[in-house]
Amino acid sequence: MNARSETIPLRLTQQLPTGLLEVELHEGAHELDALLGFAARANAKRGFLFVSKVLGKHWPVRPARMLAIHERLAATVPAAPGPVLFIAMAETAVGLGQGVFEAWLRAHPGQEALFLQTTRYRVGTGPIIEFEEAHSHAPRQFLHMPAGAHEQALLKSARTIVLVDDEASTGNTFLNLTQACRRLNPQLERVHLAVLANFMGAAATAALSERFTVPATMGALVEGAYRFTPADCPFDAAPAQRYEETAERGASTAFGRLGLARALRTPEGLARELAAGIKANDKVLVLGTGEFMHPSTLLGAALEGLGLDVVVQSTTRSPILTWGAVRHALGLPDNYGEGIPNFVYNVAPGQYQHVLICHETPPNEALLGFARTLDARLFHYHTEDDVEEVPVR
């Protein structure tokens with residue numbers, strides 16, 4: 001009998017305000033509390049949420065811890081012919097995917113890879129792939145064709161595709177996106193799913209290659225299955241997405257939407273400037289905004305490397321109830337200008353001595369008001385090397 005078959009599943013039952021969640025874990029149960037919590041979502045499609053504690057989205061996490069998780073997931077990618085195409089799933093896993101891509105590059109010097117992120121925003125006028133994430137509160141997503149000739153060549157010559165998300169539950173979104181990418185590049189011959197938690201179940205995971213019609217593998221820190229029985233309760237009907245093709249949302253083209261074939265540079269100089277005004281025992285939060293996540297992690301890592309007490313996380317448009325792993329919810333205006341409610345969770349005014357908000361959109365009243373609420377400083381990233389501090393009036 002192998003070690004996997006000897007593992008005794010861990011069974012959990014969580015009564016949420018929105019229904020009953022039953023979870024069975026086969027792998028990773030020993031570090032469950034360090035990796036995941038449970039929350040309830042104001043979403044009629046899916047009334048629960050597995051809250052990752054190492055994602056940097058809904059829960060504060062130390063940058064070094066996040067970077068270690070990136071390395072663990074990157075190590076699950078099987079050796080395969082290149083180039084390798086990494087795609088991070090918006091909104092939640094954009095930072096995770098970029099971190100996994102960069103960790104893979106560090107572990108494979110000289111090998112070629114391309115990073116792309118899906119996005120809720122249309123940028124530029126180039127070709128796009130449009131698809132839906134059925135269970136999401138904001139289901140419509142885009143994948144843009146890379147802008148540069150080198151990046152386009154990598155996309156069209158990639159042999160392996162690595163799809164990165166915080167969680168796999170059905171695999172449908174991964175399959176839809178893979179099929180779209182194979183229409184662009186019929187040479188894709190291997191699929192790898194890199195996720196923090198795989199809740200597809202053993203049978204569905206074992207059948208991945210048959211379903212994708214090419215060799216398909218899974219890398220996850222936690223594996224199991226779940227069943228959710230919704231309660232009869234009202235849900236917030238607030239819109240999660242509004243798409244206007246001609247609207248300019250201020251979403252950047254410099255950080256992965258149009259493709260990157262290299263790692264972002266760590267902002268060591270900016271970190272040193274900021275650290276000069278921060279006391280050794282001060283608590284620091286570096287906060288990303290929406291899909292703009294990885295640059296804030298790199299800034300947090302640079303500050304942590306200087307000996308400061310730093311955590312990172314991000315705002316989100318996902319509506320989550322104050323229950324379980326979500327102890328505090330703060331609503332805020334939409335800095336992308338769609339008029340969609342945004343939130344930051346587990347952050348309260350006065351909790352940190354320093355809050356540094358990193359954003360890609362031009363400064364607007366939504367950002368200024370949010371900064372005043374948290375007594376924060378704003379940093380507008382034009383590019384990775386051009387970061388402007390915005391005065392908060």
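For the structure, see preceding data.
Given the structure is predicted, the values throughout are model-derived calculations rather than measurements.

(A) Highlighting the pattern of salt bridges. What the rule picks out here adds up to 17 salt bridges. For Asp309, the salt bridge identified is with Arg62, shortest N-O distance 2.7 Å. Here the residue Asp309 occupies a position in strand 13 (residues 309-314), and Arg62 occupies one in the loop between strand 4 (48-52) and helix 3 (63-74), the gap between them amounting to 247 residues. One salt-bridge network, held together by shared partners, links Arg262, Arg265, Glu384 and Asp385.

(B) The sheet that holds strand 17 (residues 377-383), seen in detail. Strand order in the open sheet formed by five strands is 13-12-16-17-18, with mixed pairing between adjacent strands. The strands lining the two open edges of the sheet, one partner per strand, are strand 13 and strand 18 (386-390). Averaged over all neighbouring strand pairs, the angle between strand axes comes to 25°, with direction disregarded. Pairing between strand 16 (residues 354-359) and strand 17: four bridges, direction parallel. Bridge assignment links Leu356 to a residue of strand 17, and that residue is Arg377. Along the sheet face, helix 11 (residues 365-374) touches strand 12 (283-288), strand 16, strand 17 and strand 18 and points at about 165° away from the line of strand 16.

(C) How the structure looks around unusual backbone geometry. The amide bond that connects Gly82 to the next residue, Pro83, takes the cis arrangement and shows omega of -5°. Looking at the secondary structure, you find Pro83 in the loop between helix 3 and strand 5 (84-88). Looking along the chain, the bond that leaves Ala90 and enters Glu91 is cis, with omega of -5°. Positionally, Glu91 belongs in the loop between strand 5 and helix 4 (94-107). Phi is positive for Asn346, close to 60°, though the residue is something other than glycine. One can find Asn346 in the loop between strand 15 (342-345) and strand 16. Looking at Asn346, the relative accessible area reads 8%, which means it is buried.

What counts as what
Residues numbered from 1 in each chain as written. Predicted model: local features only at pLDDT ≥ 70, side-chain atom pairs only at ≥ 80, totals over all residues. Heavy atoms only, no water. Salt bridge = Lys/Arg side-chain N within 4 Å of Asp/Glu carboxyl O. Helix = DSSP H or I, 4+ residues; strand = E, 2+ residues; numbered from the N terminus. Pairing = 2+ DSSP bridges. Axes fitted to C-alpha atoms, helices over the stretch in contact; angles between N-to-C directions. Contact = heavy atoms within 4.5 Å. Buried < 20%, exposed > 50% of the residue type's maximum accessible area, 1.4 Å probe, protein only.

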